[in-house]
Amino acid sequence: MANTDLTALTGDYSIDAAHSTIGFTVRHAMVTNVKGKFVDFSGSLHLDGSDPAASSASIDVKMDSIDTGSADRDGHLKSADFFKTDEFPTMTFRSTKAEALGDEDYRITGDLTILGTTKPLTIDLEFNGAAKDPFGNERVGFEGKATILRSEWGLTWNAALETGGVLVSDKIKLNFDISAIKNA
């Protein structure tokens, strides 16, 4: 059974990408949602359960690892129309503030860099608990969500629809399922 008391946890953790997801949802053609994720990423957490404000997070995402379930769409997203992965291979997040909101709810704010542009991002998190896995690793889990406007990072490509509106919405919903293992 997972321990849901974060106040007892302190230490440095590495994100376990094999058991974590960094995903997104975007409105497509004004009528449906396209979901995707980044497959290749790494990161670290410093948790201070007794003083959550002293906690921090750092994540590096390889933009070439985007996966929406469509090779053609993924290729377009990697192109100069969107992420320019040849020129900007990595998206980064570096926290600047962490706060406890009560119960298992937390908020982390930091700098998100996409296409060389850095803007603040606030992520609402729920602590899912801590447990020792079958291999003896101390593991913690968090779920998070945030919403961004892609245009704020220079992601402005679009196509007009005959019926009005645009092909790709400006609003992007980000979703995080993070499992991290305590460093030895």
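Description of the structure in this document. Here the residue numbers are simple positions, counted from 1 along each chain's written sequence. Only residues with pLDDT of 70 or above have their local features reported here, since the model is predicted, and side-chain atom pairs are shown and tallied only from 80 upward, although totals for entire chains, interfaces and linings are computed over all residues. Derived side-chain values reflect all non-hydrogen atoms in the structure, with water molecules and hydrogen atoms excluded from consideration.

Here we come to the packing of aromatic side chains. Each pair of aromatic rings taken from Phe, Tyr and Trp, with Trp reduced to its six-membered ring, is defined by centres within 6.5 Å and is described as stacked if the planes are under 30 degrees apart, edge-to-face if over 60, and tilted in the remaining cases. For the coordinates displayed, the defined rule picks out four aromatic pairs. The interplanar angle of 45 degrees and the centroid separation of 5.7 Å between the aromatic rings of Phe24 and Phe38 together place this pair among those described as tilted. Here Phe24, found in strand β2 (residues 21–28), pairs with Phe38, found in strand β3 (residues 32–38); they are 14 residues apart in sequence, far enough to count as distant. Each of the two residues, Phe24 as well as Phe38, counts as buried. Taking the centre distance of 5.3 Å and the plane angle of 55 degrees together, the rings of Phe82 and Trp157 count as tilted. Placement of the pair is Phe82 in the loop between α1 (71–78) and β7 (90–102) and Trp157 in the loop between β10 (138–149) and β11 (168–182), with a sequence separation of 75 residues. Chaining the aromatic ring pairs together yields one cluster made of Phe24, Phe38 and Phe83. The helix and strand labels rest on DSSP assignments: H or I over at least four residues marks a helix, E over at least two residues marks a strand, and numbering proceeds from the N terminus. Exposure classes here rest on a 1.4 Å probe applied to the protein chains alone. A residue is buried below 20% of its type maximum, exposed above 50%, and partly exposed in between.

Okay, the side chain of Ser55 next. Residue placement: Ser55 occurs in the loop between β4 (41–48) and β5 (56–62). Two N or O atoms form a polar contact when they lie within 3.5 Å of each other; inside protein one atom must be a possible hydrogen donor and the other a possible acceptor, and for residues adjacent in sequence the pair counts only when both atoms belong to side chains. A polar side-chain atom of Ser55 sits 2.9 Å from the main-chain amide nitrogen of Asp48. Should any heavy atoms of two residues lie within 4.5 Å, those residues are considered in contact. If near-sequence neighbours (up to four positions away) are discounted, Ser55 is found in contact with His46, Leu47, Asp48 and Ala98.

One side-chain nitrogen of Lys or Arg within 4 Å of one carboxyl oxygen of Asp or Glu is enough to make a salt bridge. The tally for this structure, following the rule as stated, stands at four salt bridges. Among the salt bridges present, the one from Arg139 reaches Asp16, with a minimum N-O distance of 2.8 Å. Here Arg139, found in strand β10, pairs with Asp16, found in the loop between β1 (10–15) and β2; they are 123 residues apart in sequence, far enough to count as distant. Just as Arg139 is buried, Asp16 falls in that class too. Via salt bridges that share partners, Asp16, Asp133 and Arg139 belong to a single interconnected network.

Turning our attention to a nonpolar patch on the surface. Among the surface-exposed residues, Met30, Val31 and Val166 lie close enough to one another that they form a single nonpolar patch of about 270 Å² accessible area. Here Val31 lies in the loop between β2 and β3. The class for Val31 is exposed, based on a relative accessible area of 66%. Here the term patch refers to residues with relative accessible area over 30% and no salt bridge, with like charges joined within 9 Å and nonpolar side chains (Val, Leu, Ile, Met, Phe, Trp, Tyr) within 5 Å. Only the protein chains shown count as covering a residue, and every accessible area follows the Shrake-Rupley method with a 1.4 Å probe.

Our focus in this paragraph is unusual backbone geometry. A positive phi angle, near 55 degrees, is found at Asp103, a position not held by glycine. Looking at the secondary structure, you find Asp103 in the loop between β7 and β8 (105–114). In this structure Asp103 comes out as exposed when scored by relative accessible area, which is 71%. Of note, Leu115 is a non-glycine position whose phi angle comes to about 55 degrees, a positive value.

So, about the pairing of β4. With five bridges connecting them, β1 and β4 associate as antiparallel partners. When the bridges of β4 are listed, Ser14 appears paired with Ser44. Strands are treated as partners if at least two bridges between them are detected by DSSP. In this sheet, β5 lies alongside β4 in antiparallel orientation, the contact comprising six bridges. Counted as the bridge partner of Leu45 is Ala57 from β5.

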